Amino acid sequence: DKQYQKAKEQYFLSLEIDNSKQEIWTQILFIQADQRNYLELQKTSSEALSFFPINPLFYYFNGLSNKWFKKYEKAIESLTTGLDFVINNNLLLLEYYSSLGDIYNETKDYSKSDNYFEKALKLDSNNVIVLNNYAYYLSLRGEKLETAKKMSYRANLLEANNGTYQDTYAWVLYKQKNYLEAREWINKAI
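Residues numbered from 1 in each chain as written. Predicted model: local features only at pLDDT ≥ 70, side-chain atom pairs only at ≥ 80, totals over all residues. Heavy atoms only, no water.

## Some remarks on the overall build of the chain
So, step 1. A count of helices and strands for the chain gives 11 helices and zero strands.
So, step 2. Reading the secondary structure of the chain in the N-to-C direction produces α-α-α-α-α-α-α-α-α-α-α.
So, step 3. For the chain, the spread of C-alpha atoms along the principal axes amounts to about 65 × 35 × 30 Å.
So, step 4. Counting all 190 residues of the chain, 44% fall into the buried class.
So, step 5. In the chain, once contacts between residues fewer than 6 apart in sequence are set aside, the share between residues at least 24 apart is 47%.
So, step 6. For the chain, the accessible surface area stands at approximately 10900 Å², while carbon and sulfur atoms represent 50% of it. (Helix = DSSP H or I, 4+ residues; strand = E, 2+ residues; numbered from the N terminus. Buried < 20%, exposed > 50% of the residue type's maximum accessible area, 1.4 Å probe, protein only. Contact = heavy atoms within 4.5 Å. Areas by Shrake-Rupley, 256 points an atom, 1.4 Å probe, with all protein chains shown as cover.)

## Concerning helix H6 (residues 90–106)
So, step 1. For H6, spanning 17 residues, the distance from its first C-alpha to its last is 24 Å, which sits close to the expected 24 Å at 1.5 Å a residue.
So, step 2. Here H6 lies mainly inside the structure; 13 of its 17 residues are buried. (Expected span 1.5 Å × (residues − 1).)

## Some thoughts on helix H4 (residues 56–68)
So, step 1. Between the first and last C-alpha of H4 there are 18 Å, a value that for 13 residues agrees with the 18 Å anticipated at 1.5 Å per step.
So, step 2. Burial within H4 is extensive, with 11 of its 13 residues counted as buried.
So, step 3. Among the residues of H4, those classed as buried are Pro56, Leu57, Phe58, Tyr59, Tyr60, Phe61, Asn62, Gly63, Leu64, Ser65 and Asn66.
So, step 4. Taken together, the buried residues of H4 touch helix H2 (22–34), helix H3 (38–51), helix H5 (72–83) and H6.
So, step 5. Regarding H4, its N-cap is Asn55, as a side-chain oxygen of that residue lies 2.9 Å from the backbone nitrogen of Leu57 further along.
So, step 6. Just beyond H4, the residue with positive phi is Lys70, at close to 60°. (Polar contact = N/O pair within 3.5 Å; in protein donor to acceptor, adjacent residues only side chain to side chain.)

## A look at the packing of aromatic side chains
So, step 1. Within the structure shown, the criterion is met by 18 aromatic pairs.
So, step 2. When the centroid spacing of 6.5 Å and the interplanar angle of 55° are considered together, the rings of Phe51 and Phe52 count as tilted.
So, step 3. Between the aromatic rings of Tyr97 and Tyr116, the centroid separation amounts to 5.9 Å while the plane-to-plane angle is 40°, which identifies the pairing as tilted. With Tyr97 in helix H6 and Tyr116 in helix H7 (residues 110–123), the pair connects residues that are 19 residues apart, well separated along the chain. Like Tyr116, Tyr97 is buried.
So, step 4. Three or more aromatic residues joined by ring pairs form one cluster here, namely Trp25, Phe51, Phe52 and Phe58.
So, step 5. Sitting above the plane of the Trp185 ring, Lys188 keeps its charged end 3.8 Å from the centroid. (Phe/Tyr/Trp six-rings, centres within 6.5 Å; stacked < 30°, edge-to-face > 60°. Lys NZ or Arg CZ within 6 Å of the ring centre and 35° of its normal.)

## A short note on the packing of H6 against helix H8 (residues 128–141)
So, step 1. In contact at an axis separation of 11 Å, H6 and H8 are set at 15° when each is read in the N-to-C sense. In terms of orientation, H6 lies roughly parallel with respect to H8. In this structure, H6 meets H8 at a crossing whose hand is left-handed. Along its contact with H6, which presents Ser98, Asp102 and Asn105, the element H8 presents Val130, Asn133, Tyr137 and Arg141.
So, step 2. For the contact of H6 with H8, the per-class residue count stands at two nonpolar, three polar and two charged. (Axes fitted to C-alpha atoms, helices over the stretch in contact; angles between N-to-C directions. Parallel < 35°, antiparallel > 145°, perpendicular 65-115°, else oblique. Left-handed = near helix turned anticlockwise from the far one by under 90°. Nonpolar A, V, L, I, M, F, W, Y, C, P; charged D, E, K, R; others polar.)

## Quick look at a nonpolar patch on the surface
So, step 1. Residues Leu39, Trp68 and Phe69 make up a contiguous nonpolar surface patch of roughly 340 Å² in combined accessible area.
So, step 2. Positionally, Leu39 belongs in helix H3. (Patch = residues over 30% accessible without salt bridge, like charges linked within 9 Å, V, L, I, M, F, W, Y side chains within 5 Å. Salt bridge = Lys/Arg side-chain N within 4 Å of Asp/Glu carboxyl O.)

## Focus on the packing of H6 against H7
So, step 1. Two elements in contact, H6 and H7, have axes whose closest approach is 7 Å; the angle formed by their N-to-C orientations is 155°. As far as their axial angle goes, H7 and H6 are roughly antiparallel. Remark: the crossing between H6 and H7 carries left-handed chirality. On H7, the residues touching Asn90, Leu93, Leu94, Tyr97, Ser98, Leu100, Gly101, Asp102, Tyr104 and Asn105 of H6 are Tyr110, Lys112, Ser113, Tyr116, Phe117, Lys119, Ala120 and Leu123.

Note that every value here comes from positions in space, so none of it alone points to a role or purpose.
Here it is in structure tokens:
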């Protein structure tokens, strides 16, 4: 019924009776992530990990919440630890790689950032979020601008009329000093 808050409350009541069900922890974490309640997500994922220290999804949510609070070292620790437990789940692996790419970009470890984005694109070369973010980060650094242009253009082909992706493409063009085309694309984004 999409009554997520009430569902979350009931799940927490269930945990008070029996906290040994990973599925219940998982549901709570997905609701907290959907609600963008990163403080709760951080607390719940840490607690879930104390019971299930090899669950990669719990490490992912812990890393995600730490990333939100700019606790990058903790986020990297959670994500790199959890990465070892991801088995036969390319969607989760893609989320790990993308998150690590974002975090390493924030910490200015660009080599590792690029490496993780490359790994993500090997898993899914059509992931528009990865294509856009990687292109944007490269353009901010003024590096590999032709590669950034191709990735950004591809994201726009895959998801037309997305202002965020159009803006990134405009920025890449601007960085290449292609001002007329950049202006066209920023107008599209607006």
